[in-house]
Amino acid sequence: MAAQTPGYGWAKQGVFQVGKGKTLAIPMEIHASSRAKLAGLMKSRDCPDGFVLLQGGDEQCQYDSDTEPVFRQDSWFNYLFGVKEPGMYGVVDIATGKSTLFIPRLDEEYKIWCGDILSADTFRLSYAVDEVCYTDELAQWIEARMDASKKLYILDGVNSDSGLNAKNASFPGISIYYDQGVVDKTALHHALSTARVTKSTAEVEVMRYCAWVASNAHVEVMRQAAAGMIEYELEAIFAYEIYRRGGCRKCAYTAICGCGPDGATLHYGHAGAPNDRVIQDNDMCLLDMGAEYHGYVSDITCSFPIGRFTADQRAIFTGVLNAQIAVAKLMAPGVSWVDCHLAADREVVIALLGLGVLQNGTVDELCAAKMGAVFMPHGLGHLIGCDTHDVGGYIDGTPEREKAPGTGKLRTARVLEEGMVMTSEPGCYFINALIDNALNNPAQAKFINKEIVDRFRGFGGVRLEDVVLVTKDGVENLTTAPRTIDEVESVRAGGAWPPAIDTCPVLKRKWHTLGLKGEGMVPLPVLIQEE
């Protein structure tokens, strides 16, 4: 039985769960549903017959060494099959919906170093696919089923976030199908991207869990952060909490733990700036960290001061929170994501105008001059799912990327649809390079009070980021982290979390906890304060 086999910490066959009864149990029907969705899309696009062929990820080594980083499955393959092991292929028969997984035939040496070699039937039951064969049978399997009326659909296309191409499935003997003109490398990428843009109920449940785990870990970091610690200690607390309490072995991305001036470096935490500054009294901390579970991710940012909020910190934090609230009120099916960004941008401008950082113009004039982009240069947020920056942002048939500051950095300009999951992450930063550029631009310099803006050099930044589901009539916020100043100060002082009363219902947070034995997420009895 798979549940008794080393390397398979499953609740039962066909249900993935890391640590029996301790984490979310995920029925493998989640992937059967994704395969059926893809097959339906292919049929609707005049691709009624043939086979979708995907090649999963391969084990990688660190440069020329034999050190193997922990394997992470290719996201396309994870979406359709949920398979954890490398070296696989998967086929979906479009006409019938039948799924076939191809697994490598392992050498007997595997038993010595890596444990038992699992049978094909174990894989079939564990991943709930229709059939399992071996990769050395793939060419023969396809040859027996292909004819002149069928096509072999291969994934090929560019990711608009990375600029990198999806992995083309290949196997010995595939060239004959290219020679016969039956390989299609155009239809699958668009169809599969489209399928991934909107999430099923089962996918939302996994993403709710990822957001819940990460939110709880952020709370623990918020409780423990103190002057004299080093930024990487906050990263370590988060990584420990999501693994210990959530079974999330991997963070969704490299943690950003920018404290004080480091909060103004948007992608801080990389190898050249590795979360290594000593935290000072009254630093504003900006912590962008997410969790991954079963190939799905969360992406959450919390900001808080090490001491009590100063007047400046309070004003910037409130402006960013107001931006998040404005977006929560606006988000709904049919609304442009560009308009959501502009609504957030406007609130940042209002806050800066109130502080005197911006001057000599109305809010409309400042927005027209793109002053918001000086202090919030990134886009409002992005699609999220099996990837932190999920696919489908800029594919054929969707609005093109704008060229203006701010909106030109959006990872999608799509109109929102029910079932989309987005991040809403407005921010306000004091980035010396952008401030200097604006001061050297006469069209913008007239709107900046140099004396006051200089006071904020070294402030860093504030960002609040939630994972948000678009529903039929608005949104549901999957993130349950502290957001108001009162919530932040209460948690910092050791107050209970979740709160007894949600005093900011406009953020649409839905309060849940893990059900008994991990059987789904269940609502928490948090009272909602009337607006």
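Attention in this report is confined to the structure presented alongside it.

Rules behind the numbers
Residues numbered from 1 in each chain as written. Predicted model: local features only at pLDDT ≥ 70, side-chain atom pairs only at ≥ 80, totals over all residues. Heavy atoms only, no water. Helix = DSSP H or I, 4+ residues; strand = E, 2+ residues; numbered from the N terminus. Polar contact = N/O pair within 3.5 Å; in protein donor to acceptor, adjacent residues only side chain to side chain. Contact = heavy atoms within 4.5 Å. Phe/Tyr/Trp six-rings, centres within 6.5 Å; stacked < 30°, edge-to-face > 60°. Lys NZ or Arg CZ within 6 Å of the ring centre and 35° of its normal. Expected span 1.5 Å × (residues − 1). Buried < 20%, exposed > 50% of the residue type's maximum accessible area, 1.4 Å probe, protein only. Salt bridge = Lys/Arg side-chain N within 4 Å of Asp/Glu carboxyl O. Core = buried A, V, L, I, M, F, W, Y, C linked by side-chain atoms within 4.5 Å. Pairing = 2+ DSSP bridges. Axes fitted to C-alpha atoms, helices over the stretch in contact; angles between N-to-C directions.

Looking now at the side chain of Thr479. Looking at where Thr479 falls in the secondary structure, it is placed in the loop between β19 (474-477) and α17 (485-492). Within the local environment of Thr479, its side chain forms a polar contact with the backbone nitrogen of Val467, the two atoms lying 2.8 Å apart. Leaving out residues up to four positions away in the same chain, Thr479 has contacts with Ala211, Ser215, Ile300, Glu465, Asp466, Val467 and Arg509.

On to the packing of aromatic side chains, then. In this description, an aromatic ring pair is defined by two values, namely the gap between the centres and the angle between the planes. Counted according to the given criterion, the structure contains 13 aromatic pairs. Members of the aromatic cluster, joined through ring pairs, are Phe16, Tyr209, Trp212 and Tyr293. Over the ring of Tyr134 we find Arg105; its NZ or CZ atom is 4.1 Å from the centre of that ring. For Arg196, the ring lying beneath its charged end belongs to Trp76, and the centroid distance is 4.6 Å.

Taking 1.5 Å per residue, 16 residues should reach 22 Å; helix α1 (residues 29-44) reaches 22 Å between its end C-alpha atoms and fits that length. Of the residues making up α1, those classed as buried are Ile30, His31, Ser34, Arg35, Leu38, Ala39, Leu41 and Met42. Looking one or two residues beyond α1, the residue adopting positive phi is Asp46, at roughly 65°.

Once that is clear, we can look at the pattern of salt bridges. Two side chains bearing opposite charge may form a pair once their charged atoms approach each other closely. One pass over the structure, following the stated rule, counts 31 salt bridges. Here Arg72 makes a salt bridge to Glu292, at a shortest N to O gap of 3.2 Å. You can see Arg72 sitting in the loop between β3 (51-55) and α2 (75-81) and its partner Glu292 sitting in strand β12 (residues 291-293), a full 220 residues away along the chain. Where salt bridges share partners, they join Arg196, Lys199, Asp387 and Asp390 into one cluster.

Of all hydrophobic cores here, the largest spans 146 residues; its most connected members are Leu101, Met331 and Phe375. In terms of residue count, helix α8 (residues 201-224) provides more of this core than any other element does, 13 residues in total. Here Leu101 is in contact with Phe77, Phe81, Val83, Met88, Tyr89, Tyr127, Val129, Glu131, Val132 and Cys133, once residues within four sequence places are set aside. Formed by 18 residues, the second largest nonpolar core is a distinct cluster that contains Phe51, Phe102, Cys133 and Leu152.

It is worth spelling out the sheet that holds strand β5 (residues 99-103) at this point. Within a sheet, adjacent strands bond to each other through the backbone by hydrogen bonds, running parallel or antiparallel. One open sheet holds the six strands; their spatial order is β6-β5-β4-β3-β7-β8, and the pairing between them is mixed. What marks the edges here is a single partner per strand, and that holds for β6 (131-134) and β8 (183-184). Where β5 and β6 come together, four bridges link them in parallel fashion. If you follow Ile103 over to β6, its bridge partner there is Tyr134. Helix α4 (residues 120-127) rests against β5 and β6 of the sheet, and its axis sits at about 140° to β6.

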